[in-house]
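Chain residues, written in single-letter form:
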Amino acid sequence: MKSRQSMSKAKHTQLLVPTQRILISPSPEKKPGHFNNKNDSNQSHAHSYRERHAITKRHAFIAPVPALGQGGWAPERSDRQPWLQLDLREKMEVTAIATQGRSGSSDWVTSYMLLFSDCGLAWKHYGQDEDTRAFPGNTNSEGVVLQKLIHSITARFLRFVPLDWSSIGWIGLRVEAYGCVHKSDVADFNGRSALLYRFNQKSQSTVKDVISLRFKSHGAYGVLVHGEGHRGDYLTLELYQGTLVLHLNLDDAKRYPGSGNVSVGIGSLLDDELWHSVLVKRSNKQVNLTVDGHTRHLSTTGVEGSLEVDYELSFGGIPIPGKPGSFLRKNFHGCIENLYYNGVNIINLAKRRKLQIHSVGNVTFSCSEAQPQMASSTFQSSSSSYLYVPLEPPGLWGLEVHFHFRTWNQEGLLFYTNGGSQHLVFYISSDVGIHVVFLVLFLPDLDVSDGLWHSVGLSCRGLKVSLVLDNGPTSAVDVQRHEDSVNGVFFGGCPQYSAGCKNPTVSFQGCIRHIVLNNQPINLTHVQQGLLGNHSKLKFDVCGIRDRCLPNFCEHDGRCTQSWDTFYCDCSGTGYTGETCHNSIYEASCEAHRQMESKSGYFYIDPDGSGPQKAMLVYCNMTEDVVWTVVGHINSGYVNQRVTGSTPQKPYIMRFNYTASLEQLRTLIGRSKHCQQEVVYSCRKSRLFNTWDGTPLSWWLDWSGGKQTYWGGSEPAVQQCSCSLAENCIDMNYFCNCDADSHSWVNDTGSLSYKDHLPLTEIVIGDTNRSGSAAVFSVSSLQCSGDRFLGNAASFYAGSSSLLFRTFEAELSADISLYFKTTASFGVLLENLGPTDFISLKMISVTFTFDVGNGPVVLTVTSPVALNDRQWHYVRAERNRKEASLQVDRLPLNTLEAPSEGHYRLQLKSQLFVEVSMSFERGSSVTFSFQMPFPVIRNRDRASQSPIRQPSRENVAFSFLTTHTPAMLLCVSTYHQQYLAIILANNGSLQIWYRLNRERRAEVFVPKAFNLADGQLHRVQMHREGRDLNVQVNTDQKYNLSSDTKMNTLRSLTLGKLTSTSAGLADLDEEVLWAGSRGFIGCLSSVQFNHLTPLKAAILNRGSSLVRVLGNLVESNCGALADSTTSQSISGKYIYIAARGDSGRDRLEKTTQSDSAVIGGEPEDHDRAMCVSPQCNLFNFLSVVQPSSLKQ
């Protein structure tokens, strides 16, 4: 292990980890950054973490570093980039790590990054998931935090990089690692070598293949696996521009030329000197290609499903037969380990010199490590990164510079010579490519902003300046004179106040390695130790380049380009717009076109908006009464198609293909209010269903391929035609005209209008083979009318109404748009929660809030006019990988750029809510039973042994409305005879009963002594912390409990009536039992106990053993219960809800179909009605929300 002192010349402490102990070799001088134990002596110390923490056998112990008991590491306070490095002595598979602060101090690390490496030169960040790299650390100096790694690490070196640390001290760290020895067979290929695996027979044919390996590459190109056959079959796995590409053909090239060739690529930047795992699995024509856990699936397009390979498979290159040392393609340069082909360990056979393996060139069986100068450094800032390297001794005019670089940026200074009046400047520019400025030398046709490594060789000798890029041809220019010597070189940029360095463009952002000045390799370890040159905003030993276009966050086939910090989407020709091509440029329906006063004609519509389906071309028929969306099929030329000669065994079949895909049509049908297709079937001696056993002679297939035997104008699941329902068939003994088997032409005509079956995809006719029989049919275009997402609305009363939707799928991008009108000054328009993530849309002004794991993001638009003016207001919120935006009416769009690093997936789990209310009748109750992960006695034992006392805390909040007393509002019991009860006494006063000690009587608190059973809505909030109890019912009141005991091992929570089977009845006091026996009659809303929301749980978990619902319990509306005003509908469309408190009348007296939604109440003594159509004039309404879209 090394403690790096970036500004000190002291020797580094080396900590090596053998099998069972740690060796500490102290440096001879005392250092501010050091390991020490409590009495400050550097001793060898072995300590097993397993003595205190159970680890499974698979997680075999590696080493503690240093012992998690005493001492610890603290870096020098002047160290700008401190880290702690662990050398495991050999490659290990690490499965877990643990951290602890420095013993007996105020020093610990609260978050850190973990890097790993094979050789200590090329490092890679470890991330627990794909969008974050930080681990949570410690909160004190003695606690141990264990992190089990989701994906194991295979490495020799681990590096811990502190990101944040103790606010009252400094960085302090002790670490341990867990895992097992990594065993492997390794082969090293030098770019001119290969291994050949020869078959026992002339050729080998397989229908299944499995190839697995791990590789580490020194270059961006190279063949890993290749096999081919004389028929034209081949399989090639190669690196191409840092991407792994699989080429495959299974067909006979002569019989099926070009039919089965497929290629698929996966991954990028795989030439990073780090190990990558590969798995190829083929079964016939189905192939899975997996790299580092990411999989792409492909199917070959050819005819055959077997791979026929002649003689041999080659690994590392493709030798040319008869030409030793010659290869068809660029060979692989790097290391391969654990190479298996269909279960055969290829490298192991080669190491044992088996006859099946033949070596070409020099293949060795240990992985050669990169040289120190190949270690990369990352230039992080486009404004302030630089590396200065002096030339010692300063020479006369003459300079040779060689280095490698990689970047995505199209501009950046690569280097600048320092000293004298003339400077050599080398930079990238977006307009002319690469510049080398002395006089002028530039290479405009080269793209070096592709993320690949590029080599540069620059020579200034005499009066000539020459440049070689990527070992290509030399570009040179003559100079007139030279003077002055060069005493140093700036790489990547210039210091802010440097007189000798002027940056013609921005600083370089990217990676640089292999710097050689005048034939002297530059050791960057000396730079980071402060022994050589100077630097700013550099990260040593790691290339931090990321491919921000993989995965491609540009939606709808948008083209992704990128810079170092971000990506950009080109939406040209996609039909979408926005930062990620998320928003459709087309209207969603013909109905929307009519609202824009369009006339009949062809239009593109996008029924799923920002969803994955493309827009489709339809005909919008704008009639006076209805707007029809018409989608034709390509069989329209077969109008009145005549059929003869068909039998049930050999029926006539016609397939219908539409001008839009079935997925697009299903979305259109789902959005429409009504859809239909007319089917005309004219017949002469051609029956449909008239058989002795009822077997249909003709039928049609629905959109999913399901067989349907009802005909136009009839209902599903009955073998009838429209004449049967109209009772006008020519022969009423049959259900269809054609079933009369008439010698004259008759027809069965009607419309198919059952939306779940549309569109018709195939028609089958099987009775036109008898003498004189024939049939003529035609199928119309699909026609749909109405838009279910336009013009609908829902009313929300008080703060307690709700609508419930399925989970909002908003992981990478989503948009929400709606109209609302209200008289309220505040309200939650929408909310969806996850384990930690959430999304919320609130009306204060209008606020859009979400958290993807990096902390809450808040966008607010403040309107110059009040939004609670009972006028419709439009809101649209969008969140994607690039930005979040909020639009209110026509006010300026508010946007916020998304961070380039950190979490980006919005993971929601719950359903989409706008609060929940429920109406309780006499005898109704909701009981939630808490899960017991261990037996009670085991919990009790664990609690007694716990070294840290858990806080005693309860949070309770709810709203209620009632006119009945006494009443049980909420009761929580434990397995230890403790309880909390909130009741209404006989006089209507609110009482809070706490019993925390079974040896004592319950304590009673009365925050409101007056009657709360007054038919008004009341809000109760309660919070206990230890002995302190805060209660809010309109005003805040504080109380003190006699005990701070925790409510241990919760048993159940009940809202409403307590029955004889309720848990914990024997522990309750008499007054509480009396209220519990009477239950609760009224409305409860927004109930919360700690993290639990029992009303939501009752809705989401019906049938669960954890939730028990007794009596008649319905979603309700406390605001509606509070008001007895009857609202009338202007439009005549309404939902009428009537009920009486204890009568036996049906709850739903009368309903009329409406496009509106309502949550109704239950008045006690009289009928009432409530209208929630957008045209309603509600005297007492608070808010109406009209969703114009909810797109994912």
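Please read these numbers as outputs of a predicted model, since none were measured by experiment.

Rules and cut-offs
Residues numbered from 1 in each chain as written. Predicted model: local features only at pLDDT ≥ 70, side-chain atom pairs only at ≥ 80, totals over all residues. Heavy atoms only, no water. Helix = DSSP H or I, 4+ residues; strand = E, 2+ residues; numbered from the N terminus. Buried < 20%, exposed > 50% of the residue type's maximum accessible area, 1.4 Å probe, protein only. Areas by Shrake-Rupley, 256 points an atom, 1.4 Å probe, with all protein chains shown as cover. UniProt positions renumbered as here; feature names shortened; annotations may be inferred. Phe/Tyr/Trp six-rings, centres within 6.5 Å; stacked < 30°, edge-to-face > 60°. Lys NZ or Arg CZ within 6 Å of the ring centre and 35° of its normal. Disulfide = S-S within 2.5 Å. Pairing = 2+ DSSP bridges. Axes fitted to C-alpha atoms, helices over the stretch in contact; angles between N-to-C directions. Salt bridge = Lys/Arg side-chain N within 4 Å of Asp/Glu carboxyl O. Arc of directions from axis to C-beta. Contact = heavy atoms within 4.5 Å. Patch = residues over 30% accessible without salt bridge, like charges linked within 9 Å, V, L, I, M, F, W, Y side chains within 5 Å. pLDDT = per-residue confidence, 0-100.

Novice: Please explain the overall build of the protein as it appears in this structure.
Specialist: Counting its secondary structure elements, the protein contains 9 helices and 88 strands. By residue count, 54% of the 1192 residues in the protein fall in the buried class. Split by element, the accessible area of the protein, about 53600 Å² in all, is 49% carbon and sulfur.

Novice: Please explain the UniProt feature "domain: EGF-like" (unreviewed entry) in the protein as it appears in this structure.
Specialist: Mapped onto this numbering, the UniProt entry annotates "domain: EGF-like" (unreviewed entry) at residues 545-582. Helix and strand shares over residues 545-582 are 0% and 26% respectively, and the end C-alpha atoms of the span are 26 Å apart.

Novice: What am I meant to see in the packing of aromatic side chains here?
Specialist: How two aromatic rings sit relative to each other is given by the distance of their centres and the angle of their planes. Using the criterion set out here, one finds 30 aromatic pairs in the structure. A centroid spacing of 5.9 Å and a plane angle of 70 degrees characterise the contact between F379 and F508, whose relative ring orientation is edge-to-face. Placement of F379 in strand β30 (residues 377-379) and of F508 in the loop between β40 (486-491) and β41 (510-517) is noted, with a sequence separation of 129 residues between them. Of the two residues, F379 and F508, neither departs from the other in class, the shared state being buried. Both rings, one in F415 and one in F426, keep their centres 5.6 Å apart while their planes meet at 70 degrees; by these two values the pair is edge-to-face. With F415 in strand β33 (residues 412-418) and F426 in strand β34 (residues 425-429), this pair connects stretches of sequence that are 11 residues apart. F415 gets classed as buried once you look at its relative accessible area, which sits at 0%. Overall, the relative accessible area of 0% leaves F426 in the buried class. Here the aromatic residues F379, F403, F405, F415, F426, F491 and F508 are joined through ring pairs into a cluster of three or more. Taking the ring centre of W83 as reference, the NZ or CZ of R159 above it sits at 3.8 Å.

Novice: Is there a simple way to think about the state of the cysteines in this case?
Specialist: Disulfide: a covalent bond connecting the sulfur atoms of a pair of cysteines. Using the criterion set out here, one finds 10 disulfides in the structure. Residue pairing for C675: its cysteine sulfur links by disulfide to C784, the two sulfurs lying 2.0 Å apart. Handedness here is read from the sign of the S-S torsion; for C675 and C784, about 115 degrees, the answer is right-handed. One end of the pair, C675, is in strand β54 (residues 674-684); the other, C784, is in strand β60 (residues 782-785), and 109 residues separate them in sequence. Note on accessibility: C675 and C784 belong to one class, buried. With its sulfur 2.0 Å from that of its partner, C721 forms a disulfide with C736. Taking the sign of the S-S torsion, 90 degrees for the link of C721 and C736, the bridge is right-handed.

Novice: In this structure, what is going on with the sheet that holds strand β76 (residues 979-984)? I would like to understand it.
Specialist: Strand pairing in a sheet relies on backbone hydrogen bonds, with the paired strands running either antiparallel or parallel. Overall, antiparallel pairing links the 7 strands, which are arranged β78-β77-β76-β75-β82-β73-β84 in an open sheet. Edge positions in the open sheet fall to β78 (1003-1008) and β84 (1107-1110), since each of these has one partner strand only. With strand direction ignored, the average angle separating the axes of adjacent strands in the sheet is 10 degrees.

Novice: Explain the pattern of salt bridges to me, please; I cannot follow it from the model alone.
Specialist: Counted under the stated rule, the structure contains 30 salt bridges. Between D787 and R671 there is a salt bridge; the shortest N-O distance is 3.0 Å. Taken together, the residues span a long stretch of sequence, with D787 in the loop between β60 and β61 (794-796) and R671 in helix α4 (residues 662-671) at a distance of 116 residues. With respect to class, D787 is no different from R671; both count as buried. For the salt bridge of R770 with D741, the shortest nitrogen-to-oxygen distance reads 2.7 Å.

Novice: Help me understand α4, please; the structure alone is not making it clear to me.
Specialist: Because the α-helix completes a turn every 3.6 residues, residues three or four places apart line up on one side. Among all positions in α4, only Q664, L665, L668, I669 and R671 are buried. Buried residues of α4, viewed axially, fall in a sector of 165 degrees; they line one side. Buried positions along α4 lie against β49 (601-605), β50 (616-622), β51 (627-631), β54 and β60.

Novice: Which parts of the structure should I look at to understand a nonpolar patch on the surface?
Specialist: Together, I585, Y586, Y602, Y604 and L617 give the surface a local cluster of nonpolar side chains, amounting to about 530 Å² of exposed area. Among the structural elements, I585 can be located in the loop between β48 (583-584) and α3 (590-595).

Novice: Can you help me understand unusual backbone geometry in this one?
Specialist: Trans peptide bonds make up the majority, and among non-glycine residues the majority have a negative phi. Cis geometry marks the peptide bond from L550 to P551; its omega dihedral reads 0 degrees. Relative to the helices and strands, P551 resides in the loop between β44 (538-540) and β45 (559-562). P759 follows L758 through a cis peptide bond whose omega is 0 degrees. Residue position: P759 is located in the loop between β57 (746-752) and β58 (762-765). The phi dihedral of Q977 is positive, around 60 degrees, even though this residue is not glycine. Within the element layout of this structure, Q977 appears in the loop between β75 (967-974) and β76.

Novice: What's the story with the sheet that holds strand β56 (residues 707-708) in this structure? I'm lost.
Specialist: Spatially, 4 strands are ordered β53-β58-β55-β56 in an open sheet, and the strand pairing comes out antiparallel. Lying at the two open borders of the sheet, with one neighbouring strand each, are β53 (652-655) and β56. Two strands pair when backbone bridges link them, and strand β55 (residues 698-701) and β58 are joined in this way by 4 bridges, in the antiparallel orientation. Paired with S698 across the strands is I765, a residue of β58.

Novice: What is the right way to look at helix α7 (residues 1070-1078) in this model?
Specialist: Within α7, the full set of buried residues consists of V1072, A1075 and G1076. Each buried residue of α7 sits inside an arc of 100 degrees when the element is viewed along its axis, so together they form one side. The elements touched by buried residues of α7 are β75, β76 and β77 (990-995). G1079 occupies a position one or two residues after α7 and carries a positive phi of about 70 degrees.

Novice: What is the right way to look at the confidence of the model for the protein in this model?
Specialist: Atom-level detail of predicted coordinates should not be read off regions where pLDDT is low. In this model, the protein carries an average pLDDT of 78, and 76% of its residues clear a pLDDT of 70 or more. A low-confidence stretch, residues 1-69 (pLDDT under 50), is modelled with 173 contacts involving residues beyond four sequence positions or located in other chains.

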